[in-house]
Amino acid sequence: MHRKALAAVTAASFLALAACSSEPSDGGGSAGTTTISYAFWGTTDEAATMKAMIAAFEKANPTIKVEPNWIQSDYEQKLQTSIAGGDAPTVSEISDTSLPSFANAFKQVEVDKSVYYSPAVQRAGTFGGADYAVPFVAKSKVMAIAKDAFDKAGVAVPSGATPMTTADFVAAAKKLTSGSGSKKVYGSAPLWYDGWLIAEGGSYYSADGKQCTMGNPDGIRAAQTVVDAVKAGGFAPNQADAQGQDMFQWLADGKLAMLTDFGPWNIAKITALDTSKFLLVPMPGKGEPMEVDSLGIAKDASEAETAAAKTFTKFMSSTPDAQNLLATTESALGIPVIKGSLDAFKSIAPKVNLQAFIDAVTNAVTTPAVKDKVRIESAFSGDLNSRTAIGSGTEDPAVVLPQLQAECQKLLDAAQ
Amino acid sequence: MSGIMDGLAGFLERLHVAEGLRPILSLVIILAIVFGLIGAGLWGALRARWISRNTAAFWLFVSPWIVGFVIFTGGPMVYSLILSFMDWDLIDPAKFTGLANYKEALSDPALGQSIKVTLTYAVVSVPLQTVLSLGVALLMNVRVRGVNVFRTIWYLPSLVTGVAQAVLFIWVFHPSYGLVNGLLRLFGVDGPKWLFDADWALPAVILMSLWTVGGNMIIYLAGLQDVPKSLYEAAAIDGAGRRHSLWHITLPQVSPVIFFNVVTGLIGAMQTFTQGYVVTHNGGGPSDSLLFYVLYLYQNAFSFFQMGYASALAWILFAMIMVLTALVFRGSAFWVYYESQRPKERRRRVHVS
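From a predicted model like this one, the values you see are computed outputs, not experimental measurements. (Residues numbered from 1 in each chain as written. Chains lettered and ligands numbered in written order. Predicted model: local features only at pLDDT ≥ 70, side-chain atom pairs only at ≥ 80, totals over all residues.)

S.K.: Provide a residue-level description of the interface of chain B and chain A, including the pertinent values.
M.R.: Contact with chain B, which involves 34 residues of that partner, is made by 37 residues of chain A. Going through the elements one at a time, α1 (2-14), α2 (22-47) and α14 (293-303) of chain B are the ones with two or more residues in the side of chain B that touches chain A. Counting residues per element, the side of chain B that touches chain A draws most heavily on α1 of chain B, at nine residues. Among the residues making up the side of chain B that touches chain A, the classes are represented as 18 nonpolar, 10 polar and six charged. (Contact = placed C-beta atoms within 7 Å. Helix = DSSP H or I, 4+ residues; strand = E, 2+ residues; numbered from the N terminus. Nonpolar A, V, L, I, M, F, W, Y, C, P; charged D, E, K, R; others polar.)

S.K.: Tell me about the confidence of the model for chain A, and name the residues and values.
M.R.: For chain A, the mean per-residue pLDDT works out to 90, and 93% of the residues sit at or above 70. Contacts for the low-pLDDT stretch residues 14-25 of chain A, under 50 throughout, to residues beyond four places or in other chains number 19 contacts. (pLDDT = per-residue confidence, 0-100.)

S.K.: If you had to explain the sheet that holds strand β1 (residues 34-40) of chain A to someone new, which residues and values would you point to?
M.R.: All names here are of chain A. The five strands are arranged β2-β1-β3-β11-β6 in an open sheet whose pairing can be described as mixed. On the outer flanks of this sheet lie β2 (64-70) and β6 (133-139), each paired with one strand and no other. Strand after strand, the sheet turns through a mean of 25° between neighbouring axes, direction not considered. Both β1 and β2 contribute to a ladder of seven bridges, which runs parallel. Counterpart to serine 37 in the pairing with β2 is glutamate 67. (Pairing = 2+ DSSP bridges. Axes fitted to C-alpha atoms, helices over the stretch in contact; angles between N-to-C directions.)

S.K.: Mind laying out the pairing of β6 of chain A, listing which residues take part and the relevant values?
M.R.: Residues and elements named next belong to chain A. Within β6, seven of the seven residues are buried, leaving the element largely enclosed by the surrounding structure. Note: β6 against strand β11 (residues 291-297), six bridges, orientation antiparallel. In the sheet register, valine 137 faces β11, and the bridge partner there is aspartate 293. (Buried ≥ 20, exposed ≤ 12 C-beta atoms within 10 Å, placed from the backbone.)

S.K.: Report on helix α17 (residues 373-387) of chain A, specifying residues and quantitative values.
M.R.: All names here are of chain A. Here α17 contains 15 residues, and its C-alpha end-to-end distance of 21 Å stays within 8% of the 21 Å for a straight helix at 1.5 Å per residue. Among the residues making up α17, those that are buried are Lys373, Ile376, Phe380, Asp383, Leu384, Asn385 and Arg387. Against α4 (99-102), α8 (193-199) and α18 (397-415) lie the buried residues of α17. (Expected span 1.5 Å × (residues − 1).)

Structure below.
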């Protein structure tokens, strides 16, 4: 009996060793089909959009099966962990700001840049002079305005094509602010420092990514505007009042005249309102930072998987069949990156000037890719918030920002 | 390990096993082989008379725990110790950097802030929780009609913990729309910004921690009901009042329970994460006022992708908890009463060593 048990254990061990030495699976499913996995993030609606794009791809390419891996939260953490665990998705969605941290996990790819109408999109998958990901969706920002509020305050409605200057924006926001208590109407939503920095012509880093520059006069002016907007008698709700509140709903309810940082995720919501009452216009000044999401192919993907992944990334990034699905009245993942899909995009809500989103993609200011970006900007942002009235501090931004710029430079030098 | 799992999955694929079953079946096969080898080894040792049947049975029955510990606890601990001497971002190969991570910790101002926040929280919240939960347990130990309803009411909040509790309290402490400031306004008091104010964020989280005193209350209640009634009767005959009975009978008798709750509470407080994570992700905790140690460790691991430094921080925390726990254990000789031990001897042992 014991000998039999011992023999069974030995047999099982050999079985396992035989299995370990067997050829690894090459992404092959049933005969002639290649299976690849695709990791992406997003809300329920955005995931539905992505799944619709996958379904369109599988319909056009019946020999390739795409397993969706929808990561609802902490996307980068989970992606990085799966890469470290040797279980990287064949294709991963990655933002241009995160690409420097993940480039070494991806294969170099050939990107046909002629399909993109925006120079910023063309550069989004590039790091260190090489292409590691294929751009497929742009997430530009515009500003939504409530026309009624402008009419009531006697302020001219801004142009849908030409950006206001930042000074004009501040002046308009002050005039649009009225009332008190529950009847209060704010001229603008709170301003986001990182965004306003770009609007004022500033930047976190120099064009070559080697110098921190947020302490320059542009950065100081941006900080001062953000602080002034929320101080007593300012034109935007302060942090405590805005906490947990949906600013889009404030715009819809007439409590806000201008909603800055209006991203593509709000498109479906605005189409549900009376669109004749709202207008999308460019962000003031030089606009706001734009996120471009691309598709990276895992370094350890097999030959068959790589070929299938290349077909998939090409379909997602350059065919109207996929790009037309990026934004609908139900959900908008972002702005199409090819010209052929722009008319379909604008037709979703013809009255609100979706062209502003396209212009923002075309004219987007791009920031250089920097290693350790998350750590550097997290330290900067924490200090800025704790020391100045952008957060809970009281110090003068003109004093604080040059000091923080010096700290930033130390971290940047260490990272390089 | 991943290679073995992949190999087994490939093998099962050839056997046409359903795709969803392959990972779990691979794990089952590996575990079967491991336990088979353990069983075979023990059987061989038994046959060779190296060990007795009792010893073999002991190792056989304890082996699931040992295997689980080695795979899921001991293994990762050793791995993290090795990582603490490396620089690793999870994607590029790890590089050996010696003691660099530990040296960096010595001069890291954010780490100093996280230790300050964590220790303050532990030192204030643990005694507060202890006093409140013991006080409530004393009240709930009174024999009155419907006391079970009150016990249930006090225990119920303990069911809402973690993220749900943090989200709930973000609204309770909301400066403009929250319940607390709403109540204060009724009395003409303009409340602070609580979680959104650097000076008030930590006190607010300490108040939050009192929400779950019901769990400890149950343990104290069990301890209180274990105190022999004869002691109270004897004290009453000697003329002791309630205050004296509490001080000289109840507290010494439940001191082992207090000791247990203080030790576990202290360890738990040092590992606080959820409150800081949820509140800071919702715009609260300015000026690193809620930068708990484990939150900072998590940020280094999963936001800054500095796995080596995060591992070093984990080992520093381990050392800190060990020291604090040892201090509490040493100090217990002066205030924890065990019927089976002589207090003077225990105190003497502390002084001698």
